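This is what each chain is made of:
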Amino acid sequence: MRKIIAVFVVCFGLNAGAQEVKKDTLAPVADTIKHWSVLGKNTVMLNQAAFSNWVGGGANNVGWLAGINYNITYEKDKDLWENIIILDYGQNNTKGLGTRKTQDVINISTNYGRQFSKSWYISSGASFQSQFSGGYEDGNNPDAKKISNFMAPGYLNLGIGITYRPNDNLNVTLRPANARWTFVLDKDLQLAGSYGLKADGDDSLLQFGFLGNALYKVKLMENINLTNTASVFSNYLDHPERLVLAYGAVLNMKINKYISSNITLDILYDHNQIQKTQLKQTLGIGFAYTVNNGGKRSERKDSQWWIKK
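Cut-off values and rules
Residues numbered from 1 in each chain as written. Predicted model: local features only at pLDDT ≥ 70, side-chain atom pairs only at ≥ 80, totals over all residues. Heavy atoms only, no water. Helix = DSSP H or I, 4+ residues; strand = E, 2+ residues; numbered from the N terminus. Buried < 20%, exposed > 50% of the residue type's maximum accessible area, 1.4 Å probe, protein only. Pairing = 2+ DSSP bridges. Polar contact = N/O pair within 3.5 Å; in protein donor to acceptor, adjacent residues only side chain to side chain. Axes fitted to C-alpha atoms, helices over the stretch in contact; angles between N-to-C directions. Contact = heavy atoms within 4.5 Å. pLDDT = per-residue confidence, 0-100.

Q: Teacher, can you tell me more about the overall build of the protein here?
A: Scanning the protein for helices and strands turns up two helices and 14 strands. Residues classed as buried in the protein amount to 33% of the 309 residues present.

Q: Would you mind showing me how to read the pairing of strand β5 (residues 120–130) here?
A: Along any regular strand the residues' side chains alternate between the sheet's two faces. In the sheet, strand β4 (residues 98–117) pairs with β5 via 11 bridges, with the strands oriented antiparallel. Note that in β5 the partner of Ser117 across the bridge is Trp120. The antiparallel hairpin formed by β4 and β5 contains two residues in its connecting segment, where Ser119 sits at a positive phi of about 75 degrees. One ladder, built from 10 bridges, connects β5 with strand β8 (residues 154–167); its direction is antiparallel. Residue pairing in the sheet places Phe128 in a bridge with Leu156 of β8.

Q: Explain the environment of Asn71 to me, please; I cannot follow it from the model alone.
A: Summarising the element assignment, Asn71 is placed in strand β2 (residues 61–76). One polar contact links Asn71 to Glu82, side chain to side chain, over a distance of 2.6 Å.

Q: Teacher, can you tell me more about the pairing of strand β14 (residues 274–292) here?
A: As defined by bridge partners, strand β1 (residues 36–49) adjoins β14 across seven bridges and the pair is classed as antiparallel. Looking at the pairing, Leu39 lines up with Asn292 of β14. Direction of pairing for strand β13 (residues 259–270) relative to β14: antiparallel, over a ladder of 11 bridges. Following the sheet pairing, Asp270 is matched in β14 by Ile274. What sits between the antiparallel neighbours β13 and β14 is a turn of three residues.

Q: It is not clear to me how unusual backbone geometry should be interpreted in this structure. Could you clarify?
A: Where the residue is not glycine, phi is negative for most of them; where a peptide bond is considered, it is trans in most cases. In the segment running from Ala152 into Pro153, the intervening peptide bond is cis, with an omega of 5 degrees. Checked against the element boundaries, Pro153 lands in the loop between β7 (146–148) and β8. One non-glycine residue with positive phi stands out, namely Asp77, at about 55 degrees. Positionally, Asp77 belongs in the loop between β2 and β3 (79–94). For Asp77, a relative accessible area of 57% gives the class exposed. Despite not being glycine, Tyr195 has its phi angle at roughly 55 degrees, a positive value.

Q: So what exactly am I meant to see when it comes to the sheet that holds β8 here?
A: Note on sheets: strands pair through backbone hydrogen bonds, and any given pair is parallel or antiparallel. Spatially, 12 strands are ordered β1-β2-β3-β4-β5-β8-β9-β10-β11-β12-β13-β14 in a closed barrel, and the strand pairing comes out antiparallel. Across this sheet, the average inter-strand angle for adjacent strands is 20 degrees, counted without regard to direction. In this structure, strand β10 (residues 204–221) lies alongside strand β11 (residues 224–235), joined through 12 bridges in antiparallel fashion. Bridging from a neighbouring strand, Leu211 pairs with Phe233 of β11.

Q: Quick question: what am I supposed to make of the side chain of Asn178 here?
A: Mapped onto the fold, Asn178 is located in strand β9 (residues 170–183). By relative accessible area, which is 0% here, Asn178 ends up buried. Here Asn178 is in contact with Asn157, Leu158, Gly159, Gln207, Phe208, Gly209, Leu211 and Phe233, once residues within four sequence places are set aside.

Q: I tried to follow the confidence of the model for the protein on my own but got confused; where do I start?
A: Low pLDDT marks regions whose predicted coordinates should not be analysed in detail. When pLDDT is averaged across the protein, the result is 85; 83% of the residues are at 70 or more. Across residues 1–26, confidence stays below pLDDT 50; counting only partners more than four residues off in sequence or on other chains, it has zero contacts. Below a pLDDT of 50 lies the segment residues 297–309, which in the model reaches 48 contacts outside its immediate sequence neighbourhood of four places, other chains included.

Have a look at this one:
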């Protein structure tokens, strides 16, 4: 009996030792957590109309629109750093009228936050908005009066505040301390009163006040989604009651992996630009190519609902 017990103990010890050696020689588990996520959409949209002996009338025309929309996010522990790049440009050529600009957007922003409570972050960030080319009265007619150009105006915001982000479908940032620079670098447009300039020849205007931004995304049904953006700015230094108000909506209808349709609506009121409500609406269908580097570190869904594999 003693011999049997001794053999059992020896065998058990050898087996345990072998398992220990095997465990120690295993390669460490690779860290698959991705702190960076890159989600982007590249689009090219085309439209065309042709007429021949058409009693109802009409002019032959062809147009195009190209754009990119990227969200580059870094998440680690309590740090959240989100960067958004939106670039859009489009033209339409109509027989008898020539080429006109239909879309022109430069919008780049960055926001860093440090979490201090669930869904709440102390944040700071910057944003830049402008356009690529000149804009004219009479439907962007190059022979008409020029009213805008690249960096005329251009807007740079820089501020600190708090961000509320319970999920990737809702993001609200409030900055009670925000500097807003307006640049007018086209000499033809550097006139007193133009975009708020104080005197002829001025090329910039500094304002300081409150800035609020909000983003809300809604899935209406399968492959049909709506994103809403809104912002408000009040200048503490001069007429704080003259709010700069902006609202934008993008309705995205995904047809298949590479084809989608977009309807956009933009509403803007800025007393320094024009004392009227501005409205812009577009409709397009075309090719879309998405970039997605994989799942985010958090358990949240894609940070932009319109990006799907």
